[in-house]
Amino acid sequence: MSILFAILLFSFLIFIHELGHFIAAKLSGVQVNEFSVFMGPAILKKQVGETLYSLRLIPIGGYCAMEGEDGGSDNPRSFDKAAWWKRLIILVAGAAMNFITGLILLGIYFAPSEGFVVPVVSQIEPECYLAQGEGIRPGDRILKVDGERIYTASDFDLLLTLNPAPTHKIQVLRDGEKVVLPEVLAQKREFPDGNGGTQPRYGFSFTAEKATFGSILSQVGSTAVDTVRLVRLSLQMLLTGKAGLKDVGGPVMIVDQMAQVAGASATSYQAFMSLIYFGAFIAINLAVMNLLPIPALDGGRVVALLITLLVEKISGKKVDPKYEGYINGVGMMLLMALMAIIMFKDILFLFKG
């Protein structure tokens, strides 16, 4: 079921993405030649006005084919003839639809919640390292760890894990004032687990607050922003060498993780809600990744559009759109090669596991 859910999820997110381009193009007066769900040979086709609507055989992908998308069209309603701000809206509309979808899925996930854990210190156990000296106090709302904002309570442990240093700079809101704790010793130690044993913990707890309509909306927004930040942190780790290709996962790994999440759930309802959260996470990730300034992605095309505008403004000459097409073509080949490598690595990992 998780595999089926993953296939449907990816197909839905791609459909939503292309629908964003389609709606923006139609509203901007740009001619759309074809709107396709899936790829490969057509199963169903219907011409409605100037646009061919098709359902294709291979259940991956989809596309919104606009007139003059790669330049070279004399049609006055082609993409390359549209005003620059219309082209910009069309290019970002796909990612915007994915992001909105992520927000809706997060809303579905958090709506039944009775309460949320917030980053406000409630209790501190004896011998908690974080409370030593000029450390945290009950009632402190933790705002930042090592300069990174705390959006959700789970961020605290995540940010400490990403920075292996023994001490950390923590900013808290205490009695209405922002207080910076410059060198807080943040290490786990063994604390009683209530069952006669011990477990490694920091030795303090956060506050739980009752859910309201406002807190649900706040949780949705905070989680969405936090997910965007996770993409940035992941890219930083890749660029600085803290993570490598082995840590990058593709669709195969995502399906495997979905199966693990669903299998670890106690009930079918919990499994479904976990997959909804996973879907929101993927939707927001796709939105952000698609806007990266990489050729063949919408973000790369946005950068190319802005650079073209700047060059034309300075030189007073029209830039031939075929050059952008060449760059996008090379970028697409490199992107497909990278995806193939990641997929091969994921499959190899599954067989080894």
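Attention in this report is confined to the structure presented alongside it. This structure is a prediction, so every number in the text was calculated from the model and none was measured.

Focus on unusual backbone geometry
Here the phi dihedral of Phe-38 falls at roughly 75°; this positive angle occurs in a residue that is not glycine. Secondary-structure assignment places Phe-38 in strand β1 (residues 32–48). By relative accessible area, Phe-38 is classed as buried at 19%. Of note, Asp-175 is a non-glycine position whose phi angle comes to about 55°, a positive value. Exposure remark for Asp-175: the relative accessible area of 77% places this residue in the exposed category.

Let's talk about a positive patch on the surface
Taken together, the side chains of Lys-144, Arg-149, Lys-169 and Lys-178 define a basic patch exposed on the protein surface. Tracing the backbone through its elements, the reader meets Arg-149 in strand β5 (residues 148–149). Residue classification places Arg-149 among the partly exposed positions, given a relative accessible area of 47%.

Re the side chain of Arg-56
Structurally, Arg-56 is set in strand β2 (residues 51–66). Of the polar contacts made by the side chain of Arg-56, one reaches the side chain of Ser-54; its length is 3.5 Å. Every residue in contact with Arg-56, bar those within four places of it in the chain, is listed here: Glu-34, Ser-36, Val-37, Phe-38, Met-39, Gly-40, Pro-41, Ala-42, Ile-43 and Tyr-63.

Examining the environment of Met-39
In this fold, Met-39 is placed in strand β1. Take Met-39: its relative accessible area is 32%, and that puts it in the partly exposed class. Along the chain, Met-39 and Cys-128 lie 89 residues apart, while their C-alpha atoms are 57 Å from each other. Those residues within four positions of Met-39 in sequence are excluded, and the remaining contacts are Arg-56, Leu-57, Ile-58, Ile-60, Gly-61, Gly-62 and Tyr-63.

Focus: the packing of helix α2 (residues 84–110) against helix α7 (residues 298–315)
Packed helices, taken two at a time, are described by their axes: the angle between them and the distance between them. Orientation of α2 relative to α7, taken along the N-to-C sense of each, is 165°, at an axis distance of 9 Å. On the basis of the axis angle, α2 is roughly antiparallel to α7. Taken as a pair, α2 and α7 cross one another with a handedness that is left-handed. On α7, the residues touching Trp-84, Arg-87, Leu-88, Leu-91 and Val-92 of α2 are Asp-298, Arg-301, Val-302, Leu-305 and Leu-309. Considering only residue class, the contact of α2 with α7 consists of seven nonpolar, no polar and three charged.

Regarding the packing of aromatic side chains
This structure, assessed with the given rule, holds 10 aromatic pairs. Between Tyr-109 and Tyr-277, the ring centres sit 4.9 Å apart and the planes meet at 50°, which makes this aromatic pair tilted. Residue Tyr-109 is located in helix α2, and its partner Tyr-277 is located in helix α6 (residues 268–290); the two are separated by 168 residues in the primary sequence. Of the residues examined, Tyr-277 reaches a relative accessible area of 31% and is grouped as partly exposed. Summarising the aromatic geometry, the rings of Phe-156 and Phe-204 are spaced 5.4 Å apart at their centres and angled 90° between planes, so their arrangement reads as edge-to-face. Placement of Phe-156 in helix α3 (residues 154–162) and of Phe-204 in strand β10 (residues 204–210) is noted, with a sequence separation of 48 residues between them. Neither residue differs from the other here; Phe-156 and Phe-204 are each classed as buried. One aromatic cluster in this structure is built from Phe-15, Phe-22, Phe-35 and Tyr-53.

Cut-offs applied
All residue numbers refer to position in the chain's written sequence, counted from 1. Side-chain atom pairs in this predicted model are given and counted only at pLDDT of 80 or more, local residue features only at pLDDT of at least 70, and totals for whole chains, interfaces and linings cover all residues. No hydrogens and no water enter the side-chain calculation; it runs on all heavy atoms of the structure. Where helices and strands are cited, they refer to DSSP runs of H or I of at least four residues and of E of at least two residues respectively, numbered from the N terminus. For each residue, the accessible area found with a 1.4 Å probe, counting protein chains only, is set against the maximum for its type, and the residue is called buried under 20%, exposed over 50%, and partly exposed in between. For patch detection, residues must exceed 30% relative accessible area and be free of salt bridges, and they are connected within 9 Å for like charges or within 5 Å for nonpolar side chains (Val, Leu, Ile, Met, Phe, Trp, Tyr). Here the open area of atoms and residues is found with the Shrake-Rupley method and a 1.4 Å probe, where only the protein chains shown may cover a residue. A pairing counts as a salt bridge when a side-chain nitrogen of Lys or Arg comes within 4 Å of a carboxyl oxygen of Asp or Glu. His is not counted here, nor are the chain ends, while Lys and Arg score as positive and Asp and Glu score as negative. Charged side chains are reduced to one point each, which is NZ for Lys, CZ for Arg, CG for Asp and CD for Glu. Each polar contact in these results corresponds to two N or O atoms within 3.5 Å; when the atoms are within protein, one needs to be able to donate a hydrogen and the other to accept it, and residues that are neighboring in sequence are counted only if both atoms are side-chain atoms. What makes two residues a contact is simply this: any of their non-hydrogen atoms within 4.5 Å. The axes used here are C-alpha line fits, helices contributing only the stretch in contact, and every angle between their N-to-C directions lies in the interval 0 to 180 degrees. Any angle that is under 35 degrees is reported as roughly parallel, and any over 145 degrees as roughly antiparallel; angles of 65 to 115 degrees are reported as roughly perpendicular and all others as oblique. Take the far helix as the reference: if the near one is turned anticlockwise from it by less than a right angle, the crossing is left-handed, and if turned clockwise, right-handed. Lys, Arg, Asp and Glu make up the charged group, whereas Ala, Val, Leu, Ile, Met, Phe, Trp, Tyr, Cys and Pro make up the nonpolar group; the residues left over, Gly among them, are polar. To pair, rings of Phe, Tyr and Trp, with the six-membered ring standing in for Trp, must have centres within 6.5 Å; the planes then decide the type, stacked if under 30 degrees apart, edge-to-face if over 60, and tilted in the middle.

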